[in-house]
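Geometric and topological summary
Each chain, letter by letter, is given below.
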Amino acid sequence: QVQLVESGGGLVQAGGSLRLSCAASGIIFSIGTMAWYRQAPGKQRVMVARITSGGTTYADSVKGRFTISSGSAKNTVSLQMNSLKLEDTAVYYCNFRVGTSPPTWGQGTQVTVSS
């Protein structure tokens with residue numbers, strides 16, 4: 001059974017940094033896609049960044065500020081968020097998917113950016 005557990009969210013001032021981590025179990029990391037999504041109040045959940053064995057992809061809104069990477073621990077993925085803006089405030093979710101199979105979601109972690 002696939003399980004994803006996010007950590008690292010919190011409250012930060014605009015311009016600051018946070019690092020999110022996603023610990024995965026029950027998966028073969030290299031055969032799928034790990035991604036971070038976020039959902040702001042009243043808005044749809046959108047992809048922020050994803051990583052596969054072939055590389056990384058970012059939403060335009062976070063390019064140059066966020067970096068997704070495989071963690072030092074096995075089956076972990078991190079999201080380094082720098083130069084945070086008020087509009088980055090959202091619940092951030094880790095996601096794992098293999099091909100067209102239904103994705104697995106973590107429980108989410110709140111990121112709040114204050115002025």
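Above this text you will find the structure in question.
Here the structure is a predicted model, which means the values were calculated and not measured. (Residues numbered from 1 in each chain as written. Predicted model: local features only at pLDDT ≥ 70, side-chain atom pairs only at ≥ 80, totals over all residues. Heavy atoms only, no water.)

Comments concerning the overall build of the protein
- Looking only at helices and strands, one finds 0 helices and 11 strands in the protein.
- The N-to-C order of helical and strand elements in the protein reads β-β-β-β-β-β-β-β-β-β-β.
- The globule rule puts the C-alpha radius of gyration for 115 residues at 13 Å, and the 13 Å found for the protein is close to it.
- On the principal axes, the C-alpha backbone points of the protein span a range of 40 × 25 × 25 Å.
- Burial status across the protein gives 38% buried among its 115 residues.
- Surface summary for the protein: the accessible area is close to 6100 Å², and the carbon and sulfur share equals 50%. (Helix = DSSP H or I, 4+ residues; strand = E, 2+ residues; numbered from the N terminus. Rg over C-alpha atoms; globule rule 2.2 N^0.38 Å. Buried < 20%, exposed > 50% of the residue type's maximum accessible area, 1.4 Å probe, protein only. Areas by Shrake-Rupley, 256 points an atom, 1.4 Å probe, with all protein chains shown as cover.)

Digging into the pairing of strand E11 (residues 109-114)
- The two faces of E11 differ: Thr109, Val111 and Val113 on one face are buried, but Gln110, Thr112 and Ser114 on the other face are not.
- The sheet contact formed by strand E9 (residues 90-97) and E11 spans 3 bridges and is antiparallel. Across the sheet, residue Tyr92 finds its bridge partner in E11, namely Thr109. (Pairing = 2+ DSSP bridges.)

Describing unusual backbone geometry
- Positive phi values are uncommon outside glycine, yet Ser83 reaches one of about 50°.
- Looking at the element boundaries, Ser83 is found in the loop between strand E8 (76-81) and E9.

Regarding the environment of Ala35
- When you line up the elements, Ala35 lands in strand E4 (residues 33-39).
- Through-space distance from the C-alpha of Ala35 to that of Gly10 is 19 Å; in sequence the pair is 25 residues apart.
- Not counting residues within four places of it along the chain, the set of residues in contact with Ala35 comprises Ala49, Arg50, Ile68, Tyr93, Cys94 and Asn95. (Contact = heavy atoms within 4.5 Å.)

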